[in-house]
Amino acid sequence: LKTALGLQRPDSGTVYVFGQDISRMRERELFEIRSKIGMLFQESALFDSLNIEENVSYPLLNQPSIHCPATDVLPRVEEALKFVELQGILEKFPSELSGGMRRRAAIARAVVTQPPLLLYDSPTAGLDPITAHTIMALVVKERDVNKTTTLIVTYRYQDGNLMANFRYNPENGGLDPIGKDNSSAPRTLFMILRDGQVVFEGPQTELEASADPYISKFVKHRE
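Source: prediction; values computed, not measured. (Residues numbered from 1 in each chain as written. Predicted model: local features only at pLDDT ≥ 70, side-chain atom pairs only at ≥ 80, totals over all residues. Heavy atoms only, no water.)

Peer 1: What should I look at first to understand the packing of aromatic side chains in this one?
Peer 2: To describe a pair of aromatic rings, you give the distance between the ring centres and the angle between the ring planes. A complete count under the given rule lists one aromatic pair for this structure. Centre to centre, the rings of Phe47 and Tyr58 are 4.9 Å apart; their planes meet at 50 degrees, and the pair counts as tilted. Taken as a pair, Phe47 in the loop between strand S3 (37–40) and helix H3 (52–62) and Tyr58 in helix H3 lie far apart in primary sequence, eleven residues in all. Its guanidinium or amino end placed over the ring of Phe18, Lys36 lies 5.6 Å from that ring's centre, counting from NZ or CZ. Above the plane of the ring of Phe83 lies Lys141, whose end atom (NZ or CZ) is 4.4 Å from the centre. (Phe/Tyr/Trp six-rings, centres within 6.5 Å; stacked < 30°, edge-to-face > 60°. Helix = DSSP H or I, 4+ residues; strand = E, 2+ residues; numbered from the N terminus. Lys NZ or Arg CZ within 6 Å of the ring centre and 35° of its normal.)

Below, the structure written as structure tokens:
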């Protein structure tokens with residue numbers, strides 16, 4: 001994820017983002033690329049000294065490639081917080097929020113610029129099962145409502161399962177399972193890494209059928 005954002009350079013090979021080779025771009029050249037990417041860092045990475053309004057508005061005010069009129073900043077911040085169901089906390093600081101609320105505020109900051117690509121670094125790490133499900137429901141909601149390309153790095157098989165097999169229902173605000181015969185179901189790929197190498201890449205059915213002991217650790221096999 002850091003390499004995709006241009007925060008670190010690859011030791012070898014080439015990285016293309018939005019059709020552009022960013023492998024050797026200078027920092028200033030990366031500004032426009034980064035303005036098209038929303039990033040949820042592990043543990044949220046909110047600024048402790050800024051309140052939630054200032055945290056969420058930060059990309060709008062500080063990314064040179066994003067031209068947001070001053071009069072539009074607060075409405076967009078409020079809209080992003082409403083999207084993650086966190087209305088009325090503009091003046092609160094991160095330390096005043098629970099872990100799940102901080103994660104949702106960080107998602108609001110990631111989506112406030114309406115980027116075409118979102119990167120999530122362990123979005124459910126350290127959260128209880130109910131809160132983790134809430135966070136993943138918001139990730140699916142963003143993907144389906146705004147048609148955003150979404151890349152998640154996670155160690156929780158449940159997260160991948162929700163992304164692969166559920167879609168957001170705008171009528172009840174929940175997640176509905178995708179039928180196996182639904183031709184519009186997203187083509188989702190699972191990938192597992194070990195020691196820096198890809199050891200599996202393919203659909204969920206092949207993942208669950210794998211006899212590899214390492215891969216099996218990630219999968220809850222059906223009886």
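Past the structure itself, the notes keep going.
Peer 1: Help me understand the pairing of strand S9 (residues 197–202) in this model?
Peer 2: Remember that side chains alternate between the two faces of the sheet whenever the strand is regular. Where strand S8 (residues 190–194) and S9 come together, five bridges link them in antiparallel fashion. Bridge pairing links Leu193 to Val198 in S9. (Pairing = 2+ DSSP bridges.)

Peer 1: Could you clarify how one ought to interpret the packing of H3 against helix H5 (residues 99–111) in this entry?
Peer 2: Packing of H3 against H5 leaves a shortest axis separation of 7 Å and a crossing angle of 30 degrees. Our classification of the angle between H3 and H5 gives roughly parallel. For the pair H3 and H5, the sense of crossing is right-handed. On the side of H3, the interface is formed by Ile52, Asn55, Val56 and Pro59, while H5 contributes Ala105, Ala108 and Arg109. Broken down by class, the residue content of the contact of H3 with H5 amounts to five nonpolar, one polar and one charged. (Axes fitted to C-alpha atoms, helices over the stretch in contact; angles between N-to-C directions. Parallel < 35°, antiparallel > 145°, perpendicular 65-115°, else oblique. Left-handed = near helix turned anticlockwise from the far one by under 90°. Contact = heavy atoms within 4.5 Å. Nonpolar A, V, L, I, M, F, W, Y, C, P; charged D, E, K, R; others polar.)

Read these as spatial facts, not as claims about activity.
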